[in-house]
Amino acid sequence: MFRNYLKTALRNLFKNKIFTIINILGLAIGIAASLLIFQYVENELIYDNFHEKSENIYRLRGDRFSQGELAEEMATVCDALGPLLPDAFPEVKDYVVLSNYQLEGVISYGEHNHKLQKAFFATSSFFNVFSYKLLQGDPDKVLTEPFSIVISESLATKLFPDGDAVGRMVKFNNRRTLAISGVFEDVPENSHLKFNILFSFQTMVEWYGKWTEDSWWVDIALTYLLLEPNTDTDELITKIDKFVDDRIGKELREQNQAMKFYLLPVEDIHLYSNFPGEAEVNGDHKTVHFLLIISFLIIIIAWVNYINMATARSLERSKEVGLRKVSGASRTQLIRQFLLESLVLNLIAVLVAILIVIVIHPVFYDFTGLNISLELFGNLEFCLAFALIILTGTILSGLYPAFIMSSFKPIVVLKGKMSSGGKGNILRKALIIFQFVISIILISGTLTVFKQVKYMQNQYLGVNLEQTLIVEGPVSFDSTWIHQQKSFNNELLLNAAISDVCASYFVPGDEVWFTNGYIKQSNNDEKASRTLQVIHVDHNFLDYYDFDFLAGRNFTEGSETDLLGHIINRETCELLGFENPEDALNEELNCPNWRSTKKIIGVIENYHQRSLKEKFGPIIYTYLPHPRFLKKYSIKVHPQNLKETIAYIEKQFADFFPGNTFDYYFLDKHYDEQYKSDTQFGRTFAIFSVLAIFIACLGLFALSLYFALQRTKEIAVRKVLGAGLKEIFSLLSKDYLMLFFIAILIAFPISYLIMDNWLGNYAYRINFGYWFFLVPVLAMIFIIFISVFYQVNKAARANPASSLKYE
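Residues numbered from 1 in each chain as written. Predicted model: local features only at pLDDT ≥ 70, side-chain atom pairs only at ≥ 80, totals over all residues. Heavy atoms only, no water.

(A) Representation of the environment of aspartate 284 within the structure. Within the element layout of this structure, aspartate 284 appears in the loop between α9 (269-272) and α10 (285-312). In this structure, the C-alpha to C-alpha distance between aspartate 284 and serine 677, residues 393 residues apart in sequence, is 8.9 Å. Beyond its immediate sequence surroundings of up to four residues, aspartate 284 is in contact with His270 and Leu271. Here the side chain of aspartate 284 touches lysine 286 through a polar contact of 3.1 Å, landing on its backbone nitrogen. (Helix = DSSP H or I, 4+ residues; strand = E, 2+ residues; numbered from the N terminus. Contact = heavy atoms within 4.5 Å. Polar contact = N/O pair within 3.5 Å; in protein donor to acceptor, adjacent residues only side chain to side chain.)

Next up, the structure:
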């Protein structure tokens, strides 16, 4: 019986080649698009699930409040908190503290050098809490001793190609000696922590002092807690808040400050945590959910096409159903037959879809930048889940047409009294409206995403980034650094291709993680403390970047007085309560943490230190010519002969700062990196939107073709009676246009709410204009016109005699 069903199904598919090809093409594209998105989503969802204890590992993060308002949201907390929690709360089994404070430099062994890029100071229980595989060394001991490090397998191979790494001594910045106590397997891609070197936490304490271990006022510690199973995290956080209040609550209240803590499961960090101080740039759960929804919409549209075509052709197959029933076929047998046809069609589409994915995968990755791995094809769970989705969709899309066609009464269809109206017609119209609604939402959504990204990239930032080359400053230096830096700057300016040079700790585009509390000396009230972002600069930084001074002056090179001066931006000026910039001049600011008081000597206009996703931050600039605080050189270069200019800069850098690696990048590209995820999302959204609309067009084309064939004789009669192209176009398109206008009323409110919510993530955003409504409407009218016009033109050119010669 199955063999007979299969033979009949294949015969029907080959009999109607055009509709079969349209259905397979639409389904294959829909399934291929869904496969690509599902693989990306799967990669995003499995972050940190390789840890054996992941269900009980949480990261502790904190917010700081000043004057009753949120001042800082951080991924980190103060160093002192983590070590105290296991003894204070039985729910906390263990803890790990990570920090990269001042962790910059070069590890060297013989002629092999490695610049630190992914490194942390880590407490001793790191390898007991996390499941990073330790290949050599004792997990209980590798991070206990000061001046000991653990390195990755690939780094060990690079530094010691001739033997084991454990026990070897390496140099750090050519000044300090470190012992390698262990080697770990390279960190998996699906880890929110990326590192190839771990320093023992005691090394940081020895280098920078006891305050790095027991400070309550500096948030530089990524703190992870291993909790007992089934711990109530809400209750524990309440206890931690009270614990901190008991410890330092009095001091916080004296400064009118407060702290609040939160726990986040380690598996949620990648998608649900994007705060200052993150170990890596994390993903975004909204992007993942958006793309997941789009993937389902694409494949649903493909299945909707199948339902529409199957129900539209039900009249054509009515006599087949009638004859089968007269011959003894039961309704159940007919349903099986039609479901098998649906299954065969979908299986062919799946095979075509897999081929499409394999072929376009490299191009798709290059264009979107999305992390999509074909290794998931070898994952049994993923394949079973996807097969279940396809099977469910196949059954659901095939079930309704099967029930419709199997319900035909033989006596009615064989007498030719069957009409094309009824429930099938109502459902078909509803599904066409659904396709129009989705298409309008996707067009308006794509347009909004691209306009927002373009708006952010083209907006005036209040700072000049053009032709700026950033060179990472030396990490290995001595007491001659100040003299060397001046000589380096002067030597660069002798080159005609270099017009200006400055140095700073942060450059535009960097996340300013260094903050401090400041109090107006005139208030003499510690409760009036305000948290400000601190940027250390040289005398030329503000002139180099063309900042607009609202009041006061710039720093003067070599001025002892200016070492005791501050320059602030407008946001800081307003935050400190000054009515206008002039009022801020000569006001003294006290920083309790640094036990220092400095005068405000200038006020500059706000500029976008970070992307337009964020509001202007309150920034304070300090003149501090010291190698630890001037990490980056900004060099203004002419666009001609860039290779030669960069080679010249590299030579001077090597001459003045021997033993340091030369690393550089262009500032405009660095700044635009902040929009990388938005650009990727925009491209991906656009690609899948176009695919969804194309699949909808295929269905619309197929339906218009079918109804044109069904009305061939009616069109011929109308032509004989004098109907022209205009009348025939109206005849075939008016129903679609009516459904389209119904879809507009449904789609625009939904689209507006979705995109307005998405734009709410940006501090500076576009406003909806006429384009939001007009462009999708015109685009869809054009699509309808193209889909229908071919059939109209073909029908208009046909000879009526050919259609009516048998009448």
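Back to the write-up after that little detour.
(B) Fine view of the pairing of strand β16 (residues 498-504). Judged by how many residues are buried, β16 sits mostly within the fold: 5 of 7 residues are covered. Alignment of β16 against strand β24 (residues 632-637), held across 6 bridges, turns out to be antiparallel. When the sheet's bridge partners are listed, serine 504 is paired in β24 with lysine 632. (Buried < 20%, exposed > 50% of the residue type's maximum accessible area, 1.4 Å probe, protein only. Pairing = 2+ DSSP bridges.)

(C) Up close: the packing of aromatic side chains. Under the counting rule described, the total for this entry stands at 58 aromatic pairs. Considering the side-chain rings of phenylalanine 172 and tryptophan 207, the 5.1 Å spacing of their centres and the 5° angle between planes classify their relative orientation as stacked. Placement of phenylalanine 172 in strand β10 (residues 169-172) and of tryptophan 207 in helix α6 (residues 201-208) is noted, with a sequence separation of 35 residues between them. Accessibility expressed as a relative area gives 1% for phenylalanine 172, which makes it buried. Judged by relative accessible area, which is 13%, tryptophan 207 ranks as buried. Judged by centre distance (6.4 Å) and plane angle (75°), the rings of phenylalanine 290 and phenylalanine 685 are edge-to-face. Placement of the pair is phenylalanine 290 in helix α10 and phenylalanine 685 in helix α22 (residues 676-710), with a sequence separation of 395 residues. A residue is classified by how much of its surface remains accessible, and phenylalanine 290, at 18% relative accessible area, is buried. (Phe/Tyr/Trp six-rings, centres within 6.5 Å; stacked < 30°, edge-to-face > 60°.)

(D) Inspection of the pattern of salt bridges at higher detail. Evaluated as defined, the whole model comprises 19 salt bridges. Aspartate 663 is paired through a salt bridge with lysine 115; the nearest N and O atoms lie 2.8 Å apart. You can see aspartate 663 sitting in the loop between α20 (642-656) and β25 (664-666) and its partner lysine 115 sitting in strand β6 (residues 112-115), a full 548 residues away along the chain. According to the relative accessible area criterion, lysine 115 is buried, its value standing at 18%. Overlapping salt bridges, with partners in common, bring together Glu91, Glu235 and Lys239 in one network. (Salt bridge = Lys/Arg side-chain N within 4 Å of Asp/Glu carboxyl O.)

(E) Structural view of the packing of helix α16 (residues 481-493) against α20. Where α16 contacts α20, the axes come no closer than 10 Å and their chain directions differ by 160°. What the angle tells us is that α16 and α20 run roughly antiparallel. Handedness of the α16/α20 crossing: right-handed. Contacts from Gln484, Ser487, Phe488, Glu491 and Leu492 in α16 reach Tyr648, Ile649, Gln652, Phe653 and Phe656 in α20. Classifying every residue of the contact of α16 with α20 by side-chain character gives 6 nonpolar, 3 polar and 1 charged. (Axes fitted to C-alpha atoms, helices over the stretch in contact; angles between N-to-C directions. Parallel < 35°, antiparallel > 145°, perpendicular 65-115°, else oblique. Left-handed = near helix turned anticlockwise from the far one by under 90°. Nonpolar A, V, L, I, M, F, W, Y, C, P; charged D, E, K, R; others polar.)

(F) Structural detail: the environment of isoleucine 151. Relative to the assigned elements, isoleucine 151 resides in strand β9 (residues 148-152). For the pair formed by isoleucine 151 and glutamine 136, sequence separation is 15 residues and the distance between their alpha carbons is 9.9 Å. Once residues lying within four places of it in the same chain are set aside, the contact partners of isoleucine 151 are Ala156, Phe160, Ala165, Ile180, Gly182, Val183, Phe184, Asn196 and Ile197.

(G) Spatial organisation of the side chain of glutamine 609. With respect to the element layout, glutamine 609 can be found in the loop between β22 (596-604) and β23 (619-623). A relative accessible area of 5% means that glutamine 609 is categorised as buried. One polar contact links glutamine 609 to tyrosine 607, side chain to side chain, over a distance of 2.6 Å. Excluding anything up to four places from it in sequence, glutamine 609 contacts Phe506, Val507, Pro508, Gly509, Asp510, Val512, Ile535, Ile619 and Tyr671.

(H) Quick look at helix α8 (residues 233-254). Counted at 1.5 Å a residue, the expected span for α8 with its 22 residues is 32 Å, and the 29 Å between its end C-alpha atoms agrees. Along its length, α8 shows its largest kink, about 75°, at isoleucine 248. Within α8, burial applies to Thr233, Leu236, Ile237, Ile240, Asp241, Phe243, Val244, Ile248, Gly249 and Leu252. Regarding α8, its N-cap is aspartate 232, as a side-chain oxygen of that residue lies 3.1 Å from the backbone nitrogen of aspartate 234 further along. In the segment just after α8, asparagine 256 is the residue with positive phi, at about 55°. (Expected span 1.5 Å × (residues − 1). Bend = angle between axes of the 7 residues up to and from the residue.)

(I) Focus on the packing of helix α3 (residues 81-88) against α8. Where α3 meets α8, the axes come as close as 12 Å, and the angle between the chain directions of the two elements is 115°. Considering the angle they form, α3 stands roughly perpendicular to α8. Taken as a pair, α3 and α8 cross one another with a handedness that is right-handed. In contact with Leu81, Leu84, Leu85 and Ala88 of α3, α8 contributes Ile240, Phe243, Val244 and Arg247.

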